[in-house]
Amino acid sequence: MSLITVERKILEKNDEIANINREKFRFNGMFTMNLVSSPGSGKTSLIEQTINVLKHKMKIAVIEGDVQTNLDAQRIDALGVPVVQIVTNGSCHLDAMLVRDAYQKLVNIDINLLFIENVGNLVCPAAYDLGEDMKVVIISTTEGDDKPLKYPAIFHNSRVLLINKIDLLPYLKCNIDTIINNAHSINPSLKIFEVSCSTREGIDEWCNYLLSRF
Ligand code: MG
Ligand code: ZN
């Protein structure tokens, strides 16, 4: 078997389980988001800020994916929200099997909104369906405005782009209009929010968008 054939078979098997996950998530009344970004762009911070705004309006749970440690799960746990940590032990993305197994620990909990925080990586998470309702990609202003052009697959496959750390714009060479134009050149229907998890700018707009989906 060629390498390409092996890779295709892995993805086919993944998609099969992802579809079963999606059916199960929907049957249990959950809306599920797969959060993708580079390391340090603010996935966990965004989840924390979203929980702070929405925890009295809906039942939220989180699946955390990391190569090592349960540090992110500890941050979510501190907010009193159900969380399961997946440690991938080196793998640079989550797959549908890992999410299926992690969800077993949440299956008896009433959940409306499930966040799946992927491993920090803009490349292979784009290819792996986990059974989510939508992918959300986050980039921070410190990463530069060329990222949508350099990693087009994840921008193509996501429904929402969050541009984080906009409070740092005065100190950076990053042009936010360039990020937006580059992102829309790859995915014209991408919904874009400009946020800062430090100053909370834009967080309410993002949360209102989430609420409008229920
Ligand atoms: Mg994180
Ligand atoms: Zn990977």
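That block above? That's the structure.
Let me sum up the structure you'll find in this document. Residue indices begin from 1 for each chain and proceed along its sequence in written order. Written order determines the labels here, with chains lettered from A and ligands numbered from 1. Reporting in this predicted model follows two pLDDT cut-offs: at least 70 for local features of residues, and 80 or more for side-chain atom pairs to be given and counted; totals over whole chains, interfaces and linings ignore these cut-offs and use all residues. To get the side-chain values, all heavy atoms of the structure are used, and hydrogens and water are removed first.

Quick notes on the overall build of the protein
Convention followed: Only DSSP runs of H or I covering at least 4 residues are called helices, and only runs of E covering at least 2 are called strands; the numbering of each starts at the N terminus. Note on classification: 1.4 Å probe, protein chains only; a residue is buried when its accessible area is under 20% of the maximum for its type, exposed when over 50%, partly exposed between these limits. Should any heavy atoms of two residues lie within 4.5 Å, those residues are considered in contact. Here the positive residues are Lys and Arg and the negative ones are Asp and Glu; neither His nor the chain ends is included. Taken as the charge location is NZ of Lys, CZ of Arg, CG of Asp or CD of Glu.
Summing up its helical and strand segments, the protein has 8 helices and 7 strands in all. Expressed as a percentage of its 214 residues, the buried residues of the protein come to 50%. Long-range contacts, defined here as pairs at least 24 residues apart, represent 72% of the contacts in the protein between residues at least 6 apart. Taking the average place of the 22 positive charges on the side chains of the protein and the average place of its 26 negative ones, the gap between the two points comes to 3 Å.

Describing the nonpolar core
Counted only if it meets this: Note on terminology: a nonpolar core comprises buried Ala, Val, Leu, Ile, Met, Phe, Trp, Tyr and Cys residues joined through side-chain atoms within 4.5 Å.
Of all hydrophobic cores here, the largest spans 27 residues; its most connected members are Met33, Leu113, Phe115, Leu162 and Trp206. For this core, the secondary-structure elements that each account for two or more residues are strand 1 (31–37), helix 2 (43–54), strand 2 (60–66), strand 4 (113–117), strand 5 (134–140), strand 6 (160–164) and helix 8 (203–212). With 5 residues, the top contributor of residues to this core is helix 8. When near neighbours in sequence (up to four residues on either side) are disregarded, Phe115 contacts Met33, Leu35, Ile47, Thr50, Ile60, Ala61, Val62, Ile63, Trp206 and Leu210.

Points about the coordination of the zinc ion (ligand 2)
Note the threshold: Only nitrogen, oxygen and sulfur atoms qualify as donors, provided they sit within 2.8 Å of the metal or within 3.2 Å for Na, K and Ca; with water excluded from the atoms, sites may seem incomplete.
In the first shell of the zinc ion (ligand 2), the protein supplies Cys92 (SG), His93 (ND1) and Cys124 (SG), at 2.0 to 2.2 Å from the metal. As a motif over one chain, the donors of the zinc ion (ligand 2) read C-H-x30-C. Of this pair, Cys92 sits in the loop between strand 3 (83–87) and helix 4 (96–103) while Cys124 sits in the loop between strand 4 and strand 5, placing them 32 residues apart in sequence. Taking relative accessible area as the criterion, Cys92 reaches 36% and is therefore assigned partly exposed.

A short note on the sheet that holds strand 1
Put simply, the rule is: Between any two strands, at least two bridges found by DSSP are needed for them to pair. What counts as an axis is a line fitted to C-alpha atoms, over the stretch in contact for a helix, and the angles between N-to-C directions run from 0 to 180 degrees.
Reading across from one edge, 3-2-4-1-5-6-7 is the order of the 7 strands in this open sheet, with parallel pairing throughout. At either margin of the open sheet sits one strand with a lone partner, and together these are strand 3 and strand 7 (191–194). When the angles between neighbouring strand axes are averaged without regard to direction, this sheet yields 20 degrees. The sheet contact formed by strand 1 and strand 5 spans 5 bridges and is parallel. If you follow Ser37 over to strand 5, its bridge partner there is Ile138. Its contacts with the sheet place helix 4 against strand 2, strand 3 and strand 4, and it is angled at close to 145 degrees to strand 3.

Here's the deal with the pattern of salt bridges
Just so we agree on the cut-off: Whenever Lys or Arg places a side-chain nitrogen within 4 Å of a carboxyl oxygen from Asp or Glu, that contact is recorded as a salt bridge.
This structure, assessed with the given rule, holds 12 salt bridges. Linking Arg22 and Asp129 is a salt bridge whose minimum nitrogen-to-oxygen distance equals 2.6 Å. Residue Arg22 is found in helix 1 (residues 3–27), and its partner Asp129 is found in the loop between strand 4 and strand 5; the two are separated by 107 residues along the sequence. Taken as a pair, Arg22 and Asp129 share a single burial class, namely buried. Salt bridges linked by common partners bring Glu48, Asp72 and Arg75 together as one network.

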